[in-house]
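Geometric and topological summary
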Amino acid sequence: MNEYYFRTEDLSVGYNGNTLIHSIDIRIKAGEILTLIGPNGSGKSTILKSITKHLAAIHGDSYIADASVKAMSYKELSKKLAVVLTERIKGELLTCYDVVATGRYPYTNTLGLLSPEDRAKVYAAMERVHAADLADRDFTAISDGQRQRILLARAICQEPEIIVLDEPTSFLDIRHKLELLSILRSMAKEKGITVIMSLHEIDLAQKISDKVMCVRGETIEHFGAPEEIFREDIIAPLYGITRGSYNITFGSVELPRPEGEPKVFVISGCGSGVDTFRRLQKEDRPFYAGILYENDVDCQVARNLAAEVITEKPFLPIRDETYDRALERMKTCDTVICTGVPIGETNRRVAELIEEARSLGLLREE
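Below, the structure is looked at part by part. Quick caveat: nothing in here was measured; it's all calculated off a predicted structure. (Residues numbered from 1 in each chain as written. Predicted model: local features only at pLDDT ≥ 70, side-chain atom pairs only at ≥ 80, totals over all residues. Heavy atoms only, no water.)

**Quick look at the overall build of the protein chain**
Test applied: To qualify as a helix, a DSSP run of H or I must reach at least 4 residues; to qualify as a strand, a run of E must reach at least 2; elements of each kind are numbered from the N terminus. A radius of gyration in this sense is built from C-alpha atoms; the matching globule rule multiplies 2.2 Å by the number of residues raised to 0.38. Here, residues are in contact when the closest pair of their heavy atoms is within 4.5 Å. Accessible surface area values rest on a Shrake-Rupley calculation with a 1.4 Å probe, where residue burial reflects the displayed protein chains alone. Residues counted as positive are Lys and Arg, residues counted as negative are Asp and Glu, and His and the chain ends are not counted. Charge coordinates come from a single atom per side chain, which is NZ of Lys, CZ of Arg, CG of Asp or CD of Glu.
Across its full length, the protein chain holds 13 helices and 18 strands. The globule rule puts the C-alpha radius of gyration for 366 residues at 21 Å, and the 26 Å found for the protein chain is more than 25% above it. Taken over the C-alpha atoms alone, the protein chain extends approximately 85 × 45 × 35 Å along its principal axes. Across the protein chain, the fraction of contacts at a sequence separation of at least 24, relative to all contacts at a separation of at least 6, is 65%. In the structure as shown, the protein chain presents an accessible area of about 17100 Å², 50% of it carried by carbon and sulfur atoms. Within the protein chain, one finds 46 positive and 56 negative side-chain charges whose respective centroids are separated by 3 Å.

As C-alpha cells, then:
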C-alpha cells in the first residue's frame, strides 16, 4: 500500500496529442490540500482536467489509493472524486436545489430517484456553504459568487474522498473566499478529504495549502510545502515579476519602489510605517527608512519599497556605525517623517535621531 493517497506516475498532459506539460509528479496524503499556482495559461486547468478524466492524459496515469483512474468507470470515479471546474454548466429550468442534487446521482437507482436520506444530504450540503436560501432560485439567475457556492455544495453532496476545484475563489468577495477556503480546510482536516485546486491568490494559497505545485513551462518547476515554495526567488520568476516584488512575510506583492534620489527619511517601527511607505510609493517619492530592527514588520515592507533601509540586529542596542549611517542619510533629506515608533532601552538612539531631525527643522510627525 502506497503511503500517498493520490499520486501521478509519469503524467503528461495536453491537447490533440500535443504535450503541454510532462513529468508531472504529484504525491499527497489523504486529508492534504494541494494547490496549483502559476501564471494564466500555464496549464493548471489542463492538469486538473487530466487527473479527473475530463481530458485524456497524453501519457501516464493518476492513482487514488493505488487504483488507476484510467481504469475506473466514470460512475466509480464519481464516488471517489468530485469536481468543480470553471466551465459553466447549463442549468436551464433547474433550481439551485436541482443542481446540488445531481451530486447524489452516483448513488441513486436506475431511475435516478432521490431517497429521503439523499434529500437530507442535499440540504445539508447547501447549509454547509451558506446557500440554503438559494434552494428554490433559478440556477441561471443567481450571481457568479452564488453559483460557485452551489457547485461546491454539489461536490460536497457527492461525499467524495477527493475534491478537485479549478479557481474556486473566482468571482467571490473576500468574505466568501475565506468562508469557502475555511470549509475546504475543515473538510480536509476533520473528514480526511483530499483537496486539489488551483488558486490565483497566492497569499491564500500560502495559508491554506499543505503542498504547493508551481506550474510554468513544459515541466513542473517546484513542488513542496508552502515554506519551501513561497520565497521571492521562486515566486518572482514563476510569475515573471520584474516590476515590483513579492513580500514573503505578508504573502503579497508590492509595487515597484520609486526611483531617484531620496529626499524623505522615515523613522518608524512596530508596523507604524507600513502605510507611510506605501503612500510614498504611490506618490512616487523615493525614501530612506530606519533605524529598523531586522525582525520588525516595518523592515519587511521597507526592504521592498525604500531606496535604502538602515537596520540593526534584533534585540541589541543600536551601534554607533548604524546611528551614524542613519544620520548621514537623514541629513541629505529635506523631510523626516516620524510615524510614532515606541522607544525603549535598546532603541533609545532612535529618540536621538528624532531630536536631531527636530533641531534641523526637518521633522514631521504623523
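Moving on, there is more to tell.
**Some points on the pattern of salt bridges**
Between side chains of opposite charge, a pair can form when the charged atoms approach closely. Formally: Just to be clear on terms, a salt bridge is a Lys or Arg side-chain nitrogen sitting within 4 Å of an Asp or Glu carboxyl oxygen. Accessible area is worked out with a 1.4 Å probe on protein chains only. A residue is then buried under 20% of its type maximum, exposed over 50%, and partly exposed in between.
Taken as a whole and judged by the stated rule, the model has 31 salt bridges. Across the pair Arg 27 and Glu 9 runs a salt bridge, and its minimum N-O distance is 3.0 Å. You can see Arg 27 sitting in strand 3 (residues 27-28) and its partner Glu 9 sitting in strand 1 (residues 6-15), a full 18 residues away along the chain. Judged by its relative accessible area of 31%, Glu 9 falls in the partly exposed class. Salt-bridge contacts for Glu 308 lead to Arg 325; the nearest nitrogen and oxygen are separated by 3.7 Å. Taken together, the positions of Glu 308 in strand 16 (residues 308-312) and Arg 325 in helix 12 (residues 320-330) put the pair 17 residues apart, joining distant regions of the chain.

**Quick notes on the sheet that holds strand 4 (residues 33-37)**
In a beta sheet, neighbouring strands are held together by backbone hydrogen bonds and run either parallel or antiparallel to one another. Filter applied, for reference: The criterion for strand pairing is that DSSP finds at least two bridges linking the strands in question. Axis definition: a line fitted to C-alpha atoms, limited for helices to the stretch in contact. Angles are taken between N-to-C directions and run from 0 to 180 degrees.
With respect to topology, six strands assemble into an open sheet ordered 7-8-9-4-10-11, the strand pairing being mixed. At either end of the open sheet lies a strand with only one pairing partner, and these are strand 7 (81-84) and strand 11 (219-224). Neighbour-to-neighbour, the strand axes of this sheet turn through a mean angle of 15°, independent of strand direction. Pairing geometry for strand 7 and strand 8 (residues 162-166), over four bridges, is parallel. Each residue of the ladder has a partner; that of Val 83, found in strand 8, is Val 164. Those strands touched by helix 6 (residues 174-191) are strand 4, strand 8 and strand 9 (194-198), and its axis lies near 150° from that of strand 9.

**Thoughts on the packing of helix 4 (residues 116-128) against helix 5 (residues 144-157)**
Under the convention used in this document: An angle below 35 degrees is treated as roughly parallel, one above 145 as roughly antiparallel, one from 65 to 115 as roughly perpendicular, and anything else as oblique. Should the near helix be turned anticlockwise from the far one by less than a right angle, the crossing is termed left-handed; should it be turned clockwise, right-handed. Lys, Arg, Asp and Glu make up the charged group, whereas Ala, Val, Leu, Ile, Met, Phe, Trp, Tyr, Cys and Pro make up the nonpolar group; the residues left over, Gly among them, are polar.
It is at 8 Å that the axes of helix 4 and helix 5 come closest, and there the two elements cross at 135°. Classified by the angle their axes make, helix 4 and helix 5 are oblique. The two elements helix 4 and helix 5 meet at a crossing, and its hand is right-handed. Side by side, helix 4 and helix 5 meet where Lys 121, Val 122, Ala 125, Met 126 and Arg 128 of the first sit next to Ile 150, Ala 153, Ile 156 and Cys 157 of the second. Across the contact of helix 4 with helix 5, the residue classes break down as seven nonpolar, no polar and two charged.

**A look at the pairing of strand 8**
Note the following rule: For the handedness criterion, the strands are oriented away from the viewer, and a crossover whose path from the first strand over the helix to the second runs clockwise is classed as right-handed.
Most of strand 8 is tucked away, with five of its five residues classed as buried. Here strand 8 shows no split at all, with Ile 162, Val 164 and Asp 166 on one side and Ile 163 and Leu 165 on the other all buried. As defined by bridge partners, strand 8 adjoins strand 9 across five bridges and the pair is classed as parallel. Along strand 9, the bridge assignment pairs Val 164 with Ile 196. Handedness of the strand 8-helix 6-strand 9 crossover: right-handed.

**Focus: helix 10 (residues 274-282)**
Filter applied, for reference: By arc we mean the arc of the directions from the helix axis to the C-beta atoms, nothing more.
Among the residues of helix 10, those classed as buried are Val 274, Thr 276, Phe 277, Leu 280 and Gln 281. Projection of helix 10 onto a plane perpendicular to its axis shows the buried side chains occupying an angular sector of 165°, all on one side. Exposed side of helix 10, more than 90 degrees from the buried face: Asp 275 and Lys 282 are the residues found there. Here the buried face of helix 10 lies against strand 14 (264-267), strand 15 (287-293), helix 11 (297-305) and strand 17 (335-338). The first or second residue beyond helix 10 is Asp 284, which carries a positive phi of 60°.

**What about unusual backbone geometry?**
Residue Gly 290 is joined to Ile 291 through a cis peptide bond whose omega torsion reads -10°. As for its placement among the helices and strands, Ile 291 is situated in strand 15. Backbone geometry places Asn 16, a non-glycine residue, at a positive phi of 55°. Here Asn 16 shows up in the loop between strand 1 and strand 2 (18-24). Classification of Asn 16 by relative accessible area gives exposed; the value is 79%.

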